[in-house]
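Architecture and fold: a report
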Amino acid sequence: MHNIILDEEIKNLLPTLDSKTYMSLEESIVHYGCMFPLVTWQHILIDGYNRYAICIKHDIPFYTIEKDFDSRDDVLIWVISNQVSRRNLTPMQLSYYRGMHYNKEKKRVNNPNGNNQHKVVESQNETQPQTTGTAALLAKQYDVSRNTILRDKDAALAIDAIGEASKEAKGMVLSGEAKIDKKEPKRLSAAPDSEIRLIVDDILNGLYDKRNIFPDTPPVSPIGVTLASVQSIEAAIVKSFDLFDKHLLGIKRKTDKTRLKTQLGKCINALEELQKRV
């Protein structure tokens, strides 16, 4: 029996799946079983809320991996970073998660300006060491500019303020259905509740400014989309093998090995079905 604790704050960090994607995930789990383990920390579910709900609904067995963190803030940062590493996020969601990561790091080290968590690096002039602040460190981690991280910080604060007034409006912004001017987040992050409520009303009524928080990006060519999709699938397969290999040595009981062979058989059948469709 799994003693899993659901956490509302962590659940709210995870993007809501649209109905089509959720149904597709549900059909896959019902047909093939839950092939990827749920992740917990001190029995708190930190990754796999949709899979958990589907497994409970259909009485489908699942497995868990318990991770070790020093604090709850470390857990929240891991959840955020884990979301950013996934490829099916909108530009607004990516900005939101990067901004949340910055804000959580800033809170964790208690540095209002994001500058006291630093490391010394060599400069061209060896007598003048340089410091790298939180924004610069995250910019390197996520392969964006430092200014992008600072804009993301404001975007996260603004979207959370909108979410306090209306979860529906927040969802519309994150999905891209309602778009905010790229100059707005810094002002909205410190706007009074009365102004936020007016903006929420406009978002819900489809009246809010449709300009994007990001500069327009050139369209991706069909070939580029195809190659990106192939790379995503390849990465998922490699990651699956890595996970299997990592935990295989820890399986000692004969009954567990038998159950694993059954699940691997289902995986092989699923891959064969996918191969026929390619």
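What you see is a predicted model, and the numbers here were worked out from it, not measured in a lab.

1. Some thoughts on the pairing of strand S1 (residues 38-41)
- Going residue by residue along S1, you find Leu38 and Thr40 tucked away on one face and Val39 and Trp41 tucked away on the opposite face as well.
- Note that S1 and strand S3 (residues 64-66) share 3 bridges and pair parallel. Note on S3: the bridge partner recorded for Leu38 is Thr64.
- Across 3 bridges, the pairing between S1 and strand S2 (residues 44-47) is antiparallel. Opposite Thr40, over in S2, you have Leu45 as the bridge partner.
- Turn length for the S1-S2 hairpin, with the two strands adjacent in sequence and antiparallel, is 2 residues, and the turn residue Gln42 shows positive phi of about 50 degrees.

2. Some remarks on helix H10 (residues 193-204)
- In a regular helix each residue adds 1.5 Å, so 12 residues correspond to 16 Å; H10 covers 16 Å between its end C-alpha atoms and thus fits that length.
- Among all positions of H10, only Ile196, Ile199, Val200 and Ile203 are buried. Summarising the axial view, the buried residues of H10 lie within an arc of 105 degrees, below the 170-degree limit, and thus occupy one face.

3. Considerations on a positive patch on the surface
- Taken together, the side chains of Lys252, Lys254, Lys257 and Lys261 present a region of like positive charge at the surface.
- With respect to the helices and strands, Lys254 occurs in helix H12 (residues 254-277).
- Residue classification places Lys254 among the exposed positions, given a relative accessible area of 70%.

The rules behind these values
- Residues numbered from 1 in each chain as written.
- Predicted model: local features only at pLDDT ≥ 70, side-chain atom pairs only at ≥ 80, totals over all residues.
- Heavy atoms only, no water.
- Buried < 20%, exposed > 50% of the residue type's maximum accessible area, 1.4 Å probe, protein only.
- Helix = DSSP H or I, 4+ residues; strand = E, 2+ residues; numbered from the N terminus.
- Pairing = 2+ DSSP bridges.
- Expected span 1.5 Å × (residues − 1).
- Arc of directions from axis to C-beta.
- Patch = residues over 30% accessible without salt bridge, like charges linked within 9 Å, V, L, I, M, F, W, Y side chains within 5 Å.
- Areas by Shrake-Rupley, 256 points an atom, 1.4 Å probe, with all protein chains shown as cover.
- Salt bridge = Lys/Arg side-chain N within 4 Å of Asp/Glu carboxyl O.
- Lys, Arg positive; Asp, Glu negative; His and termini not counted.
- Charge placed at Lys NZ, Arg CZ, Asp CG, Glu CD.

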